[in-house]
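Structural overview for review
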Amino acid sequence: ANILADFSKEARFRIWAKLDGGTEALHTALSRSALSLSEIVGGILDISRRVPLTIQTMILSDSRSGRILFDAAAYASTIAAIAANGGQVEAIQLYTVARRPAESWVTPLSDEAMADLARRIRAALTLKGRGSDAVRIECYGEHSELAWG
């Protein structure tokens, strides 16, 4: 993490981290990673203590159950915990499925559902002591960036 942080400062590039689901069970269902959610969050915290980063999160629906595979409250708690422990999260990018996924049961969320989740995350972060402008939230629907605020 130190080498990447130092290099990002010298080369002036931004670091993006991937964080999906919000809970261990959702992470396991969505990720093909051998790493647990806590290991990924630990890595995000480690690098974000050194340099600010953007967290990118895909939100999707399971067409078999109609369930959204995302827990906004748990996700916001994780972001707040990263910040409370010295992590620098400058932005969150929420997006849904925009091209044909590998799994046939994966479906995108509507623009309205995406905007609602962005508002819920903003409200939860504000309640957890993060100011409403402390973390920029960008929200993307199936076709473009959404004006959700």
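In the block above lies the structure referred to throughout.
Report on the accompanying structure. Small disclaimer: the values here were computed from a predicted structure and weren't measured.

Calculation criteria
Residues numbered from 1 in each chain as written. Predicted model: local features only at pLDDT ≥ 70, side-chain atom pairs only at ≥ 80, totals over all residues. Heavy atoms only, no water. Helix = DSSP H or I, 4+ residues; strand = E, 2+ residues; numbered from the N terminus. Polar contact = N/O pair within 3.5 Å; in protein donor to acceptor, adjacent residues only side chain to side chain. Contact = heavy atoms within 4.5 Å. Pairing = 2+ DSSP bridges. Salt bridge = Lys/Arg side-chain N within 4 Å of Asp/Glu carboxyl O. Buried < 20%, exposed > 50% of the residue type's maximum accessible area, 1.4 Å probe, protein only. Expected span 1.5 Å × (residues − 1). Phe/Tyr/Trp six-rings, centres within 6.5 Å; stacked < 30°, edge-to-face > 60°. Axes fitted to C-alpha atoms, helices over the stretch in contact; angles between N-to-C directions.

1. Digging into the side chain of Glu138
Tracing the backbone shows Glu138 in strand β7 (residues 136-140). There is a polar contact of 3.2 Å between the side chain of Glu138 and the side chain of Tyr140. Discounting chain neighbours no more than four positions away, the residues touching Glu138 are Ile92, Gln93, Leu94 and Glu145.

2. Focus on the sheet that holds strand β3 (residues 61-62)
Backbone-to-backbone hydrogen bonds join strands into a sheet, with any given pair of strands oriented parallel or antiparallel. Taken together, the 3 strands give an open sheet; going across it, the order is β4-β3-β6, and neighbouring strands pair in antiparallel fashion. In the strand order of this sheet, the two ends are held by β4 (67-68) and β6 (106-107), each with one partner. As paired strands, β3 and β6 are joined by 2 bridges and run antiparallel to one another. Each residue of the ladder has a partner; that of Ser61, found in β6, is Thr107.

3. A word on the pattern of salt bridges
Tallied over the full model, the rule gives 7 salt bridges. The shortest N-O distance in the salt bridge between Glu103 and Arg32 comes to 2.7 Å. Residue Glu103 is found in the loop between β5 (89-95) and β6, and its partner Arg32 is found in the loop between α2 (24-30) and α3 (37-48); the two are separated by 71 residues along the sequence. With its nearest N and O atoms 3.0 Å apart, the salt bridge here joins Arg136 to Glu138. For Arg136, a relative accessible area of 39% puts it in the partly exposed group.

4. Concerning the side chain of Asp20
Note that Asp20 resides in the loop between β1 (15-18) and α2. Separated by 2.8 Å, the side chain of Asp20 and the backbone nitrogen of Met58 make a polar contact. Contacts of Asp20, omitting those with residues within four sequence positions, involve His27, Leu30, Leu37, Gln56, Thr57 and Met58.

5. Quick word on helix α5 (residues 111-127)
Along its 17 residues, α5 runs 24 Å from first to last C-alpha, staying within 8% of the 24 Å computed at 1.5 Å per residue. When α5 is considered as a whole, its buried residues turn out to be Met114, Ala115, Leu117, Ala118, Ile121, Arg122, Ala124 and Leu125. Among the structural elements, β4, α4 (72-84), β5 and β7 are those in contact with the buried residues of α5.

6. Structural notes on the packing of aromatic side chains
With the rule as written, the count across this model stands at 1 aromatic pair. Look at Phe70 and Tyr75: their rings are 5.1 Å apart centre to centre, the planes differ by 55 degrees, and that puts the pair in the tilted class.

7. Some thoughts on the sheet that holds β1
Taken in spatial order, the 4 strands of this open sheet run β1-β2-β5-β7, and their pairing is parallel. Either end of the sheet is taken by a strand with one partner, and the two such strands are β1 and β7. Each strand axis lies, on average, 20 degrees off the axis of its neighbour in the sheet, ignoring direction. On top of the sheet, α5 reaches β5 and β7; it is set at about 165 degrees to β7, its chief contact.

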